[in-house]
There are 2 protein chains.
Amino acid sequence: MFSVNEHYLDIKQSYIFTEIAARVRKFSEEHPDKKVIRMGIGDVTLPLAKTVVEALVKASQEMGVKETFHGYGPEQGYDFLRERISEYYASMGVTLQDGEVFVSDGAKSDVANITDLFGNDNVVLICDPVYPVYVDTNRMLGRTIKFLQGDESNGFLPMPPSFHGDIIYLCSPNNPTGAVYDRAQLKAWVDYAKAEGAIILFDAAYESFIEDPSLPRSIFEIDGAKDCAIEFCSLSKTAGFTGTRCGYTVVPKGIEVTAKNGKTLNLNAMWMRRQTTKFNGVPYIIQRGAEAVFTPEGLKEIRENIQYYKQNAKILADCFTELGIPFTGGINSPYIWLKCPDGMDSWAFFDLLLNGAAVVGTPGAGFGDAGEGYFRLTAFSDRENTLEAVERIKALLKK
Amino acid sequence: MFSVNEHYLDIKQSYIFTEIAARVRKFSEEHPDKKVIRMGIGDVTLPLAKTVVEALVKASQEMGVKETFHGYGPEQGYDFLRERISEYYASMGVTLQDGEVFVSDGAKSDVANITDLFGNDNVVLICDPVYPVYVDTNRMLGRTIKFLQGDESNGFLPMPPSFHGDIIYLCSPNNPTGAVYDRAQLKAWVDYAKAEGAIILFDAAYESFIEDPSLPRSIFEIDGAKDCAIEFCSLSKTAGFTGTRCGYTVVPKGIEVTAKNGKTLNLNAMWMRRQTTKFNGVPYIIQRGAEAVFTPEGLKEIRENIQYYKQNAKILADCFTELGIPFTGGINSPYIWLKCPDGMDSWAFFDLLLNGAAVVGTPGAGFGDAGEGYFRLTAFSDRENTLEAVERIKALLKK
């Protein structure tokens, strides 16, 4: 009999969103008159920017005309988009070489597929609480994971440990905690990676929410990072592309490893080989939409949307400040990560919020053991619902 | 130092299309007056069908309006598309259960990513000549590959060997040879798979080119295949989606393997877990375009395009019949796989065709050792170029 990858038995079934859906369904059945406000899943609600839609429509029409039809494109993305992304990095003060940007269908795919490039003997460092994809994709390969605990003492920003690690997952601004590493903290991580011969996999999916100019939006703003880091980013939250699907990954050209036989393997070349072999590129239409994001008009429009969500985040943050409930995030991030009051566990607080305020969030326990006792709310609802949720939460929790 | 996947050293660098491009460039520089006709890469040239473009435009516009905007969709695809694909299978006499169809960004991704589900101790059977993705994705994992030679004696349709195999890649109609398995041959493969406890990975990307109703378009037309086969298909060639990116994979619900610890792993559930963890679905816009393919009007339009390419294939086939050059394909397939005349090797024939007729094809050696001495031409050019290429080839090769 053929054999299967039995490491799939080691992945926890992710019941959290199923369980949330079930509890919300039960509540709605029992209280059909109550309007439930959903602040659980990190999905956007504003439509795509006008400039982006125009580009999508134009590109769709091009596909219907022989002279402007596009067949197979380069797997790593069209130059018209890769160049705009390089310019976007340049605007952060980061200089990229030609061929370092790879366009993809989203940060999730790339963060997951990058595991292909590494050996199974690596020690993987993952912060807890965590976006579950880092954990599950490594468990699927039977790799050793060491968790670095985030908590109130470190502001949910774990720093380099005293032990060795080979592959380091960092996400800043963090999902789910909204915490953001500052330059000194990221520099410490880069120094650790260089000292240990480790590689940092840096998830920058929420970089566009950073407003404090002293905070780094890219790991490549840190000296030395191009020797030891790969960065993943996405238009999902930057430009509302959760259902449109486009992201990008930067793999510096200079990162090389000597194989056991003495030959050199270059990570950039390996990722190119991986993508050309196992991927066929992002739809032409979608790449034209993504290109429009980076035009002056597109950037102006998406920044208005980001400001809208950031104002929601501020409304949530002000609410919990007023209630005296500790939290991270809310600034420089679309997430609010709050401590469940009165020592409640995260599912108990979920039930309290659902039954007492008809507001749905995500129990922190769904993001790892260190998430127990915490709770995530997102700023991606619309303004009216955010304001109403805050009023309901205050009425429920004010003592 | 972190370790990399050193199996990447075992993959042959795929120089073929680079080398083709270099030789064509040199020829064009030396003969700027000669019009080069390209029949090398299997990319389509007709634009998307009108119905599909209308659906893409409409969906793009929906994304710009809050009420019709779509964020994250189900990773396995929207029901509106999965149901149309199930109906398409029903039209072939194949009944699929709910949840057996997975929408993806193309057959290449799924054929490559399906390797995630299997153990590295499997013996992989691959026909030679071959679409290189099957080979490279298994080499990247260090798996043992046994090649089954296609040649004139078996019509480039290798049959089950006398030795054991665990994972079997079959492609019919075949890329690159254009050869098509009949029902009895596929039944023999299904019987072999069941006797050996093997799984068949069936690539049906060219099924829509089959016109002979006695030939199977899906492996699931064969009794017992739902116990031992996964099927991959794509709209790339069916509907000109090479740059639009949508395909689908059928994983039957009944295929289960007992793990070493006695637990049961179900392939359909594993693929669902793989896709929900490592993929975020196909863009909503693209899925609406794909849905339009399966409407009566869409099917009518794409069938006209397929007929156009099939007529090109017939023109090529008639040319080589007239020249007395043996070939496979040309009927039920967009590919012509011909024997290089006078015992030439495939690069020698490439040079002859380029220099003598300014026609570009693909040397068979690029598809594996068994491809040496053969040559692939595609029917995806436009009519005018196909006719001109045939005249030039006849003038060059007629004795």
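Residues numbered from 1 in each chain as written. Chains lettered and ligands numbered in written order. Predicted model: local features only at pLDDT ≥ 70, side-chain atom pairs only at ≥ 80, totals over all residues. Heavy atoms only, no water.

This brings us to the relation of the copies chain A and chain B. When chain A is fitted to chain B, the best match, at an RMSD of 0.0 Å, comes from turning it 180° and sliding it 0.0 Å along the axis. Expressed as an axis order, the relation between the two copies is that of a two-fold axis. No C-alpha of chain A lies nearer the rotation axis than that of A:Val57, which sits 2.6 Å from it. Of the interface residues in chain A, 100% have counterparts in chain B that sit at the interface too, so the contact is made through matching surfaces. (Least-squares fit on C-alpha atoms with pLDDT ≥ 70 in both. Contact = heavy atoms within 4.5 Å.)

Before going further, it helps to spend a moment on the interface of chain A and chain B. Listed per partner, the contact involves 87 residues of chain A and 87 residues of chain B. For the pairing of chain A and chain B, the buried interface totals around 7000 Å² over both sides, and the portion due to carbon and sulfur atoms is 60%. On the chain A side of the contact with chain B, A:Phe2, A:Tyr72 and A:Arg273 bury the most area, a combined 11% of that side's loss. Inspection of the chain A/chain B interface yields 8 salt bridges. A salt bridge links B:Lys66 to A:Asp382; its shortest N-O distance comes to 3.4 Å. At the boundary of chain A with chain B, the tally comes to 40 residue pairs in polar contact (both at pLDDT 80 or more). Every element with two or more residues in the side of chain A that touches chain B is listed here: helix H2 (50-62), helix H4 (107-113), helix H5 (132-139), helix H7 (235-238), strand S9 (256-258), helix H8 (267-278) and helix H9 (284-293) of chain A. Considering every element that reaches the side of chain A that touches chain B, the biggest residue donor is H8(A), with 8 residues. In terms of residue class, the side of chain A that touches chain B is built from 36 nonpolar, 30 polar and 21 charged. (Buried area = accessible area lost by both parts, 1.4 Å probe. Salt bridge = Lys/Arg side-chain N within 4 Å of Asp/Glu carboxyl O. Polar contact = N/O pair within 3.5 Å; in protein donor to acceptor, adjacent residues only side chain to side chain. Helix = DSSP H or I, 4+ residues; strand = E, 2+ residues; numbered from the N terminus. Nonpolar A, V, L, I, M, F, W, Y, C, P; charged D, E, K, R; others polar.)

With that settled, consider the nonpolar core. Note that soluble globular proteins tend to have their nonpolar side chains buried in a common cluster. Grouped together as the largest cluster of nonpolar side chains are 152 residues, with contacts concentrated most on A:Ile200, A:Phe241, B:Ile200 and B:Phe241. Among residues more than four places away in sequence, those in contact with A:Ile200 are A:Ile168, A:Leu170, A:Trp189, A:Val190, A:Ala193, A:Ile219, A:Cys228, A:Ala229 and A:Ile230. (Core = buried A, V, L, I, M, F, W, Y, C linked by side-chain atoms within 4.5 Å. Buried < 20%, exposed > 50% of the residue type's maximum accessible area, 1.4 Å probe, protein only.)

All names here are of chain A. The omega angle of the peptide bond from Asp128 to Pro129 is 5°, so this bond is cis rather than trans. Summarising the element assignment, Pro129 is placed in the loop between strand S3 (123-128) and H5. With an omega of -5°, the peptide bond running from Ser172 to Pro173 counts as cis. Tracing the backbone through its elements, the reader meets Pro173 in the loop between strand S5 (167-171) and helix H6 (183-196). Residue Asp342 is not a glycine yet carries a positive backbone phi of 60°. Secondary-structure assignment places Asp342 in the loop between strand S12 (335-339) and helix H11 (346-357).

Scanning the entire structure with this criterion turns up 42 aromatic pairs over all chains. Considering the side-chain rings of A:Tyr335 and A:Phe380, the 6.3 Å spacing of their centres and the 85° angle between planes classify their relative orientation as edge-to-face. With A:Tyr335 in strand S12 and A:Phe380 in the loop between strand S15 (374-378) and helix H12 (383-397), this pair connects stretches of sequence that are 45 residues apart. Residue A:Tyr335 is classed as buried on the basis of its relative accessible area, which comes to 1%. Ring plane angle 70° and centroid distance 5.1 Å describe the contact between B:Trp347 and B:Phe350, whose orientation is recorded as edge-to-face. With a gap of 3 residues between them, B:Trp347 and B:Phe350 both fall in helix H11 (residues 346-357), about one helical turn apart. Owing to a relative accessible area of 0%, B:Phe350 belongs among the buried residues under this scheme. Put simply, the rings of A:Tyr206, A:Phe209, A:Tyr308, A:Tyr309, A:Tyr335 and A:Phe380 pair up and form one aromatic cluster. (Phe/Tyr/Trp six-rings, centres within 6.5 Å; stacked < 30°, edge-to-face > 60°.)

The next subject is H11(A). Residues and elements named next belong to chain A. Here H11 contains 12 residues, and its C-alpha end-to-end distance of 16 Å stays within 8% of the 16 Å for a straight helix at 1.5 Å per residue. Those residues of H11 that sit buried are Ser346, Phe349, Phe350, Leu353, Leu354 and Ala357. On an axial view of H11, the arc spanned by its buried residues comes to 130°, and they lie on one face. As for H11, its buried residues are in contact with helix H1 (16-30), S12, strand S13 (359-360), strand S14 (362-363), S15 and H12. Among the residues of H11, the N-terminal cap falls to Asp345, whose side-chain oxygen and the backbone nitrogen of Trp347 are separated by 3.0 Å. A positive phi of about 55° marks Ala358, the residue just after H11. (Expected span 1.5 Å × (residues − 1). Arc of directions from axis to C-beta.)

This paragraph deals with the sheet that holds S3(A). Picture the strands of a sheet paired through backbone hydrogen bonds; they go either parallel or antiparallel. All names here are of chain A. As summarised here, the arrangement of the 7 strands in space is S2-S8-S7-S6-S5-S3-S4, forming an open sheet in which the pairing is mixed. Looking at which strands have only one partner, the edges of the open sheet turn out to be strand S2 (101-104) and strand S4 (144-149). Across the sheet, the mean angle from the axis of one strand to that of its neighbour is 20°, orientation sign disregarded. In this sheet, strand S8 (residues 247-250) lies alongside strand S7 (residues 229-234) in antiparallel orientation, the contact comprising 4 bridges. Looking across to S8, one finds that Glu231 is bridged to Val250. H5 contacts S3, S4, S5 and strand S6 (199-203) of the sheet and is inclined by roughly 160° relative to S4. (Pairing = 2+ DSSP bridges. Axes fitted to C-alpha atoms, helices over the stretch in contact; angles between N-to-C directions.)

Here the focus is the environment of B:Thr244. Note that B:Thr244 resides in the loop between helix H7 (235-238) and strand S8 (247-250). Residue B:Thr244 is classed as buried on the basis of its relative accessible area of 1%. Contact partners of B:Thr244, with chain neighbours within four places excluded, come to A:Met63, A:Pro283, B:Leu48 and B:Ile286.

Next up on the list: the packing of helix H2 (residues 50-62) of chain B against helix H9 (residues 284-293) of chain B. All names here are of chain B. At a minimum axis distance of 8 Å, the contact between H2 and H9 shows a crossing angle of 150°. Looking at the two axes, H2 sits roughly antiparallel to H9. Crossing angle aside, the handedness with which H2 passes H9 is right-handed. Where H2 approaches H9, its residues Thr51, Val52, Ala55, Leu56, Ala59, Ser60 and Glu62 are matched on the opposing element by Tyr284, Ile285, Ile286, Arg288, Gly289, Ala292 and Val293. A per-class count over the contact of H2 with H9 returns 9 nonpolar, 3 polar and 2 charged. (Parallel < 35°, antiparallel > 145°, perpendicular 65-115°, else oblique. Left-handed = near helix turned anticlockwise from the far one by under 90°.)

Nothing here speaks to function; it is geometry throughout.
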